[in-house]
Each structure stands twice: as structure tokens, then as C-alpha cells.
Amino acid sequence: MERGARTLTSLLAPAAVLTGLCVARAANAAPPEGEVERLDLGDGPPQAPAPAPSATNQQSLRSAPATVPRAASGADDDTFEARGWARSRTFAGFAAGPADSGELPPLAIPYDRVWSEAQLFGRLRYTRGRHFEVVASGLFTWNLYAREAISVAGTSLDARGSVEPSLRELYLGWLGGRADLRVGQQRIPWGKGDAFAPNAVLEPRELRDPLLTETEVNRYPVLAARGDVDLGALQAQLVWVPFFVPDRFDLYGTNWAFVQPGAPAAVRGLMGSAFGMVDPTLHPLLQPLVAQTQLPPADLSGSAVGVKLGTRAGPFDVEAYYHFGYTPLPYYQSSPELVALLATSPPPEAILGAAITAAQTGTPLFTATYLRRHHGGFAAETTAGPFVVRTDVAVTSRTTYLRVADFSSVVAPTAEAAAAVEWQPGEPGCVILVEGNYRRILDGDTDGLLGASRDTGGAALLARWLFFDHLELEARVLQSVGPTGTTARAHVAYKDGAFEARVGTVVATGEATSVGGYFQRNTGAFVALKYAY
């Protein structure tokens, strides 16, 4: 606890300095009363739980109106828009590697000591007057890893790579005077939250690198039909998602995978044996096969539906939400054989033998399925001079939590509330955002859960300042209590038009079952280059 307090103090210090600089330089630059610059923390339309401070990038999209603003052009004018970016990033980890664990495969977890990623994103939009639109976007990702592994021959540093092209958006929109209809793969943002977004239930999260993922791609579009209706004082949105899409995560072998050195030996051995029998070039294809044993049916009986209602109540923009869908993360259940193994420290051959026996008998050692759930929520936003105040409240009938000790899930109803105060003093590039969160698990056994307990609190801080029109300093900190953990990111950036270069550091630390403590191997430094067009 004392080490966590010292770490938190050292992380908050630069954020406090940036906050003071913002206050000092913006004292005479505040916008007129009632005028608030909209926050854009990212690079376009925009996550954590996010276990990541980068989730604070979501406001610019979540606060967008339900209907697309009408262009001032003529009724039949054709408009084409194209934009995108190219980015290259390299991360170097500072954490202890598998050689420090004193274990050998399959118990020792490999470690990506260096991770380089190159991405190319593009988005096209065509509009026909004020009544029709077509939107398409895509992302190409190329990853290279320098993986540190250990064997009886010693420690090695092996290179591996992966390629991931993906279609992001592809939808058609028919825009009427008071009603819009969009059909296809699209972003559907709900809620007002930033670092804490309890109502963002329609868009699956990118959890394979939540701290450094670009804002525009840290949530996934879904295939959906969405209708927005303006009823005057009331705006309504109806959403139908015919096919389920889970959060994107890894189970084993990467720095943000669920199986980390803190996982039980039997689970590490089982996953290490499974991945050890497959060539590393196939590991990305193996991830979803071992991380989930059953998906909801794709025959429309697994559809999800949602309703959003919005209105203006005095100075407040108010929205209410209802969603009937699935848990975004799977519900893990261990077989009696795996439970018995977890109670001991089995040798690798015993783990492999149990896996072979389970395959021969058709009885899996564990199952990972998704459960139906109801979600209801409320959000409000208002302005006061240069301040924006937001709140999100949500209740979910089923939320899945992972218990680290036996790698099984607890499913329970959950209530969560978040509040945020954002200050934009009118100085370009200066933003201060402070958020708080409280979550209560309403039922069930909550001992030893990853990133959660019966009552969990959290706070997030973002401080960003632009000097001399080109030099940017930014610090993000997310602190949890119950269990106590910290994730943080800070960087120095040089910006010149569409070009940006960053140098920064990432810190993850805390108690063993906190997000920061469990994923502490992601502490390190990074450099990134980006060009937007």
C-alpha cells in the first residue's frame, strides 16, 4: 500500500503541474459566459471498463446529436469526404520477464518485450443533398513483436508478427426532416461518460491494448439498423443488432491477455500447452477458439435491441437508455477436474494429461459462454461558463467478473454511477477533466475478483496543455480503490499541422487483483509517429 501511495503521488505530480499551468495561462482567456468549446480528446469520432485512462477519449462521439446535422448545400448536391491517418508506434516494456519467474514452459508466460504497430485508417462519406449518405471506413494493422521466452536451453528473444485488416463502418443512411434511418455496420455511442462509461453497451471494446489504442478505433462498429426520430421536445432512437459481437480480447500469450503470471498454475499450464502445440503464426486465429467455447446463435434469436430517449430539461440534456443483449465478456466455468487441479500445484504432464482426457471424453475443462442481460441507464449533461458537468447512472441485471484464484466467473447484478467535470478555459489545447466512479455488485461472492469488489471506487484525471502552438504535454491517471490500482500514461508531443510525434511512458501498478497490478507487465515507454489527412 505504501508503494502504491508513492507511485500515485509521483504520477499525480506532473498532472498537478499541468493543471497549474492551465489555470495560470488561461486566467484571461476564458470564453464568454455560456460558451463552451466541445472537447476533442482524440483524433476524430471516438472506451474501460476500460482498464485504461485512454477511455477518456470518448466524449466527442458520445455527445454527438442523435441526428446528423443537415448540410447547408442544395437539396441534390453531391458531397464526398475523405479522411484518415497513418500511425507507427513502438512500445518497450520494463517489467520482469519469464526468466525471473523461476518456471519453465508451459507454466512460464512469454513476454512481448518490444511491440511495434503500424496502422492505416481511412474513412469515406458520400452525401446526396440532405437526405442520403453512404459511409465506409477500414483499418489495416501490422504488428511486430520481440517476444521474450524461456526454455530448458535458456532465454530467447523471438520475432513474430501479425496482420489484421478489418472493415470498420459500411452503412447507408436515409435522412428525413424528423426521422433518420441508418442500416449497416456503424458506430452507435451511448452515454456521457469518458474514462467511466457505464452506458456504452452497444459498441464492443478493444481490450488488447487499452492504454495506447487510437481513440477512433478503441471501440468496434456493429451491424445494426438504427432509427432516430425527432418528436419535438423528445428525441427517440431505436436500435436492432441482429448478430452478437463480443469485446475483443486475448486469453493467452500477449501482454494484455487474461492469463498473466498471476493466474493459477493449472490455467497457465493448460493454456501454455495448447498454444505450444500451434505455430506462433496461428496464435491470433487460436485466441477466439480458446477464449470462448460458445457464441450466441446467429439465427436472429440472439439479436439485441435498444431504446434511447432524450430531451432538454431546463439547462440539462437528459437521456435514458434500455438495452436487451448479452454480457460483453464470457462467463467462465471450470469443470470438476480443473477445480481439482487448481487446488494443487500440478506438474505440466498432469495438466496436459487432463486436457487430453477431457478431449477424449468430450467434457471440456472449462466453458466460456455469453449470458443474456438487461441494462437500464440514465445520463445528463449541462454547462456552467467554461465547465461541462456530466453524469451517468446504470443498472445491469448480469455482469461477469473474473475471479483470479480459480479463473472462474462470477455473474451478478451491478449498479454503477459516474460523474465528470470538464474545464476548457478557451486556451487552444488546454483541457482539464476530472471524473469519479462508484460501482456496487449487488449479489454473489465478490472475493478475489479482477478489478472489482463488493464496492469499487475510481477516479480519473486528464491534464493536457499546448505550448508555443507545437509542444504538447499530457498526463492521464486512472486510480481505483477496492482493489487499489493505478494505470497511467504521460507523453510529450511535437505537432506540426497533420504530423505528430510522441514520446511517453505507461505505468501499471497496484494490488495483485487490481487491473494495474495484474497487468503490471505493461509498464514501459513508447514512441509514436502519426500523420492525418
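Residues numbered from 1 in each chain as written. Predicted model: local features only at pLDDT ≥ 70, side-chain atom pairs only at ≥ 80, totals over all residues. Heavy atoms only, no water.

A. Layout of the overall build of the chain. A count of helices and strands for the chain gives 7 helices and 20 strands. In the chain, which comprises 533 residues, the proportion classed as buried is 51%. About 22,300 Å² of surface is accessible on the chain, with carbon and sulfur atoms providing 65% of the total. (Helix = DSSP H or I, 4+ residues; strand = E, 2+ residues; numbered from the N terminus. Buried < 20%, exposed > 50% of the residue type's maximum accessible area, 1.4 Å probe, protein only. Areas by Shrake-Rupley, 256 points an atom, 1.4 Å probe, with all protein chains shown as cover.)

B. Region of the structure containing helix α3 (residues 265–276). Its 12 residues give α3 an end-to-end C-alpha distance of 16 Å, which sits within 8% of 16 Å, the value for a rise of 1.5 Å per residue. By the burial criterion, the buried members of α3 are Ala266, Val267, Arg268, Gly269, Leu270, Met271, Gly272, Ser273 and Phe275. (Expected span 1.5 Å × (residues − 1).)

C. Fine view of the pattern of salt bridges. Summed over the entire model, instances satisfying the criterion amount to 37 salt bridges. Note that Asp247 is salt-bridged to Arg205, the shortest N-O span being 2.5 Å. Of this pair, Asp247 sits in the loop between β7 (234–241) and α3 while Arg205 is found in the loop between β5 (179–186) and β6 (222–230), placing the two residues 42 residues apart along the sequence. Through salt bridges that share partners, Glu81, Arg125, Glu133, Arg182, Arg226 and Asp228 make up one connected network. (Salt bridge = Lys/Arg side-chain N within 4 Å of Asp/Glu carboxyl O.)

D. Molecular detail of the side chain of Glu319. Turning to its location among the elements, Glu319 is positioned in strand β9 (residues 316–326). Only 2.3 Å separates the side chain of Glu319 from the side chain of Tyr321, close enough to count as a polar contact. (Polar contact = N/O pair within 3.5 Å; in protein donor to acceptor, adjacent residues only side chain to side chain.)

E. Local environment of the nonpolar core. By size, the foremost hydrophobic cluster in this structure holds 43 residues, and its most contacted members are Phe249, Leu251, Phe258, Val259, Met271, Tyr332 and Phe407. Mapped onto this core, the elements with two or more residues apiece are α3, α4 (283–291), α5 (336–342), α6 (348–361) and β11 (366–369). For this core, the element with the most residues is α3, which contributes 5 residues. Counting 11 residues, the second largest nonpolar core, distinct from the first, contains Leu202, Val239, Val241 and Ala304. (Core = buried A, V, L, I, M, F, W, Y, C linked by side-chain atoms within 4.5 Å.)

F. Inspection of the pairing of strand β15 (residues 431–441) at higher detail. Note: strand β14 (residues 408–423) against β15, 10 bridges, orientation antiparallel. From the neighbouring strand, Ala417 faces β15, where its bridge partner is Tyr438. Sheet topology note: the β15/strand β16 (residues 455–467) ladder contains 10 bridges and is antiparallel. Within β16, the position partnered with Arg439 by the bridge is Thr456. (Pairing = 2+ DSSP bridges.)

G. Inspection of the pairing of β16 at higher detail. Where β16 meets strand β17 (residues 471–481), 11 bridges bridge the pair, whose relative direction is antiparallel. Looking across to β17, one finds that Ala460 is bridged to Leu478. Taking the residues that link successive antiparallel strands as the turn, the β16-β17 hairpin has 3 residues, and the phi of Phe468 there is positive, at about 55°.

H. Representation of the environment of Leu289. Position of Leu289 among the secondary structure elements: in helix α4. In this structure Leu289 comes out as exposed when scored by relative accessible area, which is 61%. Sequence-wise, Leu289 and Leu251 are 38 residues apart; in three dimensions their C-alpha atoms are separated by 9.7 Å.

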